[in-house]
Amino acid sequence: MAEGNKFDVEIITPDRVFYKGETDFLEFTTSEGDIGIYKNHIPLTTVLAPGAVTIHNGEETVVAAVHSGFAEILGEKVTLLAELAEWPDEIDVKRAEEAKERAEHRIAEKAEDLDLRRAEFALRKALIRIDVAKK
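Residues numbered from 1 in each chain as written. Predicted model: local features only at pLDDT ≥ 70, side-chain atom pairs only at ≥ 80, totals over all residues. Heavy atoms only, no water.

Enquirer: Explain the nonpolar core to me, using residue names and the numbers behind them.
Expert: Among the nonpolar cores identified, the biggest contains 21 residues, and Ile11, Leu26, Phe28, Ile37, Val53, Val78 and Leu80 are the most heavily contacted of them. Breaking this core down by element, the ones donating at least two residues are β1 (7-13), β2 (16-23), β3 (25-30), β4 (33-37), β6 (51-57), β7 (60-66), β8 (69-74) and β9 (77-82). Apart from the residues lying within four places of it in its own chain, the contact partners of Val78 are Phe7, Asp8, Val9, Glu10, Leu26, Phe28, Ile37, Glu72 and Ile73. Residues Val63, Ala65, Ile91 and Val132 belong to the second largest nonpolar core, which totals five residues. (Core = buried A, V, L, I, M, F, W, Y, C linked by side-chain atoms within 4.5 Å. Buried < 20%, exposed > 50% of the residue type's maximum accessible area, 1.4 Å probe, protein only. Helix = DSSP H or I, 4+ residues; strand = E, 2+ residues; numbered from the N terminus. Contact = heavy atoms within 4.5 Å.)

Enquirer: Which residues make up the packing of aromatic side chains, and what are the values?
Expert: Taken as a whole, this structure holds three aromatic pairs when the rule is applied. Between Phe18 and Trp87, the aromatic rings sit 4.4 Å apart at their centres with planes inclined by 20°, giving stacked as the arrangement. In this pair, Phe18 is assigned in strand β2 and Trp87 in the loop between β10 (85-86) and α1 (93-109), connecting sequence segments 69 residues apart. In this structure Phe18 comes out as buried when scored by relative accessible area, which is 6%. Three or more aromatic residues joined by ring pairs make a cluster, and in this case those are Phe18, Tyr19 and Trp87. (Phe/Tyr/Trp six-rings, centres within 6.5 Å; stacked < 30°, edge-to-face > 60°.)

Enquirer: Account for α1, naming residues and giving values.
Expert: The terminal C-alpha atoms of α1, which comprises 17 residues, lie 24 Å apart, in line with the 24 Å expected from a rise of 1.5 Å per residue. Where α1 begins, the side chain of Asp92 points an oxygen toward the backbone nitrogen of Lys94, at a separation of 3.2 Å. Lys110 sits one or two residues past α1 and shows a positive phi near 55°. (Expected span 1.5 Å × (residues − 1). Polar contact = N/O pair within 3.5 Å; in protein donor to acceptor, adjacent residues only side chain to side chain.)

Enquirer: Pulling in residues and values, what's your account of the packing of α1 against helix α2 (residues 116-133)?
Expert: Following both chains from N to C, one finds α1 and α2 inclined at 150°, their axes separated by 8 Å at the closest point. It follows that α1 is roughly antiparallel to α2 by the angle criterion. As for the relative orientation of α1 and α2, their crossing is left-handed in sense. Residue-level inspection shows Val93, Ala96, Glu97, Ala99, Lys100, Ala103, Glu104, Arg106 and Ile107 of α1 in contact with α2, the latter providing Leu116, Ala119, Glu120, Ala122, Leu123, Ala126, Leu127, Arg129, Ile130 and Ala133. Its residues placed into classes, the contact of α1 with α2 shows 13 nonpolar, no polar and six charged. (Axes fitted to C-alpha atoms, helices over the stretch in contact; angles between N-to-C directions. Parallel < 35°, antiparallel > 145°, perpendicular 65-115°, else oblique. Left-handed = near helix turned anticlockwise from the far one by under 90°. Nonpolar A, V, L, I, M, F, W, Y, C, P; charged D, E, K, R; others polar.)

Enquirer: I'd like a description of a nonpolar patch on the surface, backed by residues and values.
Expert: Among the surface-exposed residues, Val47, Phe70 and Leu81 lie close enough to one another that they form a single nonpolar patch of about 270 Å² accessible area. Here Val47 shows up in strand β5 (residues 44-48). By relative accessible area, Val47 is classed as partly exposed at 37%. (Patch = residues over 30% accessible without salt bridge, like charges linked within 9 Å, V, L, I, M, F, W, Y side chains within 5 Å. Areas by Shrake-Rupley, 256 points an atom, 1.4 Å probe, with all protein chains shown as cover. Salt bridge = Lys/Arg side-chain N within 4 Å of Asp/Glu carboxyl O.)

Enquirer: If you had to explain the environment of Phe121 to someone new, which residues and values would you point to?
Expert: Note that Phe121 resides in helix α2. Sequence separation between Phe121 and Lys39 is 82 residues, and the spatial gap between their C-alpha atoms is 31 Å. Phe121 has contacts with Pro50 and Ser68, leaving out every residue within four places of it along the chain.

This is the structure:
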């Protein structure tokens, strides 16, 4: 169990335990907007939205891209169950930029059979990957 102002964080994806450690402040995106967590936060279960997860440890900060899932916030532990999580060095920026262009093209085209929500979701994932990879 974490001591002082630190609390435990675990980020789990279907294929691995992506991150397990301590933090003094955690930031991520929910379906309702961005959230920041300190130790002893009110218990909460929420839906993760695609976005950056920022893990702060004093002066050290690490950032990862997380794409949808759920978050469970307890007083001394936060667990993120994500469909996908990526460190900046795991992101193929060229591929993300190509996905961004494809999504933008689909949205601009406004085809009759366009699934707009899916295209917007693909665009958001690509933008997050590009942003996180540049940090």
